[in-house]
Amino acid sequence: MNTIPFQFDRRIDASILYSLYENDYLYIEEIFTTTLQHYDADVEAFETHQQAGSVEGLKRSVHKLKPVFGFVGMSVMQECCQAFEEKCAVAADMRAIYPDSQKLLRLFKQSKKIIEADLQKLSAYNNTTPE
Amino acid sequence: MIISCVIIEDLAVAAEYLKKCCEKSGELDVKGHFTNVNDAAVFLNDNMVDLLFLDVEMPGESGFTLLDQIPFSPKVILTTSKEDYAYNAFEYNVTDFLKKPFTYQRFLQAVNKVSALLEPVGQPEGGDDHIFIKTEGKLVRLNNDDLLFIESMGDYVRFVTNDRKYVVHNTIKNLEEKMNRQAFMKIHRSYIVNIQKVDNIRENGLFIRGTELPISKAHRAEVIQRINII
């Protein structure tokens, strides 16, 4: 296995990953893989609630997605989820949070690409044998 | 000491991480992983464990409802993304909270708290030989040797001795923590018995001085383990 530290995307906080998994990159690869296996279903649930106009449903969906970002070191996304969850808690109806839900949905989709790209690089890194 | 545990968590990545932490610690034996309260309740009605790692917010019922559905009182570590469950946590005697994602060190701290509670430490050799109960405005001493069993009556319990019964405001759950574990054991969610006073044991119950008391499925194996069968 490679001994040079892996460089994560700048939007992934490597210090969080280190605090959770130390530098066990094979384990991080497993975590990223598991995250992506369930990611689309969780984001779809968010979209479904958005389309149905269910503020409570959106709140539940974002609450479930929030720790997912924590486990992959995306603390900013975790904070975005927290902020949105708080808005849902006080929103009178869907109109009050619709623009934010759209923004968050875009961020979910961008985040997936970031995780996917880093997983691909990480997988290659883990399969590299040093000279 | 190996702590048997169950993980109740619907978030796959969190469950995977938790399993790995358990494995790494070498102190925990994971008996199962469930993604909802109903499946966990079915398992826990037939299998007793020391500890539950319990997510609060899951599809269907809340994690706390599980604690009302099982016939024993395991230690509980909540795994949650919120910190506002303090009231329920207090009510259900939760040992610790792990806010997701948590570090392995934080996980170990929580497990160590459970270990300390499960170890029968702090009791004198042979355990305390008596308790005091508050009844009729005074504290009354009950020697372990006089006490036959304790029965739940909702928010009250009845202490039954050879010649008297005392009704006290308390719960079996609370007493389970406080009674001398060498002398007493819980056999059902409503009964704690003095193991030395058991006259005979049948399939689903035991007799103490002519009174039949039920043994729940979850406690049966432990009861058999505790008595001296030759």
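Residues numbered from 1 in each chain as written. Chains lettered and ligands numbered in written order. Predicted model: local features only at pLDDT ≥ 70, side-chain atom pairs only at ≥ 80, totals over all residues.

1. Structural notes on the nonpolar core
Counting 64 residues, the largest nonpolar core has V72 of chain A together with C5, V6, I8 and L52 of chain B as the members making the most contacts within it. Once residues within four sequence positions are removed from consideration, V72 of chain A is found in contact with I12, I31, F32, T35 and I115 of chain A. Counting 16 residues, the second largest nonpolar core, distinct from the first, contains I150, F159, F184 and I187 of chain B. (Core = buried A, V, L, I, M, F, W, Y, C linked by C-beta atoms within 7 Å. Buried ≥ 20, exposed ≤ 12 C-beta atoms within 10 Å, placed from the backbone. Contact = placed C-beta atoms within 7 Å.)

2. Some words on the sheet that holds strand β14 (residues 205–208) of chain B
Two orientations exist for strands paired in a sheet by backbone hydrogen bonds: parallel and antiparallel. Pairing within the open sheet is antiparallel, and its 3 strands lie in the order β13-β14-β15 (chain B). Looking at strand neighbours, the two that pair on one side only are β13 (200–201) and β15 (211–214) of chain B, the edges of this open sheet. (Pairing = 2+ DSSP bridges. Helix = DSSP H or I, 4+ residues; strand = E, 2+ residues; numbered from the N terminus.)

3. Concerning the pairing of strand β1 (residues 3–8) of chain B
Residues and elements named next belong to chain B. Summarising the sheet, β1 and strand β2 (residues 28–34) pair through 6 bridges and their orientation is parallel. For I7, the partnering residue across the bridge sits in β2 and is H33. A crossover links β1 with its parallel partner β2, the connecting element being helix α1 (residues 12–25), and its sense is right-handed. Where β1 and strand β3 (residues 51–55) come together, 4 bridges link them in parallel fashion. In the strand pairing of β3, I7 is matched with F53. (Right-handed = clockwise from strand over helix to strand, strands pointing away.)

4. Focus on the confidence of the model for chain B
Residues and elements named next belong to chain B. In the predicted model, chain B carries a mean pLDDT of 86, and the fraction of residues at 70 or more is 94%. Every residue in residues 121–126 is under pLDDT 50, and counting partners more than four places away or in other chains gives 3 contacts. Our summary of model confidence lists the complex with pTM equal to 0.68 and ipTM equal to 0.85. (pLDDT = per-residue confidence, 0-100.)

5. Things to note about helix α2 (residues 25–52) of chain A
Its 28 residues give α2 of chain A an end-to-end C-alpha distance of 40 Å, which sits within 8% of 40 Å, the value for a rise of 1.5 Å per residue. The largest bend in α2 of chain A comes to about 40 degrees, at Y39 of chain A. Those residues of α2 of chain A that are buried lie in contact with α1 (14–21), α3 (55–71) and α5 (94–126) of chain A together with α1 of chain B. Backbone geometry just after α2 of chain A places G53 of chain A at a positive phi near 75 degrees. (Expected span 1.5 Å × (residues − 1). Bend = angle between axes of the 7 residues up to and from the residue.)

6. Structural notes on α3 of chain A
For α3 of chain A, which comprises 17 residues, the first-to-last C-alpha distance of 25 Å matches the rise-based estimate of 24 Å (1.5 Å per residue) to within 8%. For α3 of chain A, the tally of buried residues reaches 12 of 17 residues, placing the bulk of the element in the interior. The complete set of buried residues in α3 of chain A reads V55, L58, S61, V62, K64, L65, K66, P67, V68, F69, G70 and F71 of chain A. Those residues of α3 of chain A that are buried are in contact with α2, α4 (75–90) and α5 of chain A together with α1 of chain B. Phi turns positive, to about 80 degrees, at G73 of chain A, one or two residues after α3 of chain A.

7. Section: the pairing of strand β12 (residues 191–194) of chain B
All names here are of chain B. Neither face of β12 is exposed, since Y191 and V193 on one face and I192 and N194 on the opposite face are all buried. Two elements, strand β8 (residues 147–153) and β12, share 3 bridges in a ladder whose sense is antiparallel. In the sheet register, E151 faces β12, and the bridge partner there is Y191. Sheet topology note: the strand β11 (residues 184–188)/β12 ladder contains 4 bridges and is antiparallel. Following the sheet pairing, K186 is matched in β12 by I192. Where β11 folds back onto β12 in an antiparallel hairpin, the turn is made up of 2 residues.

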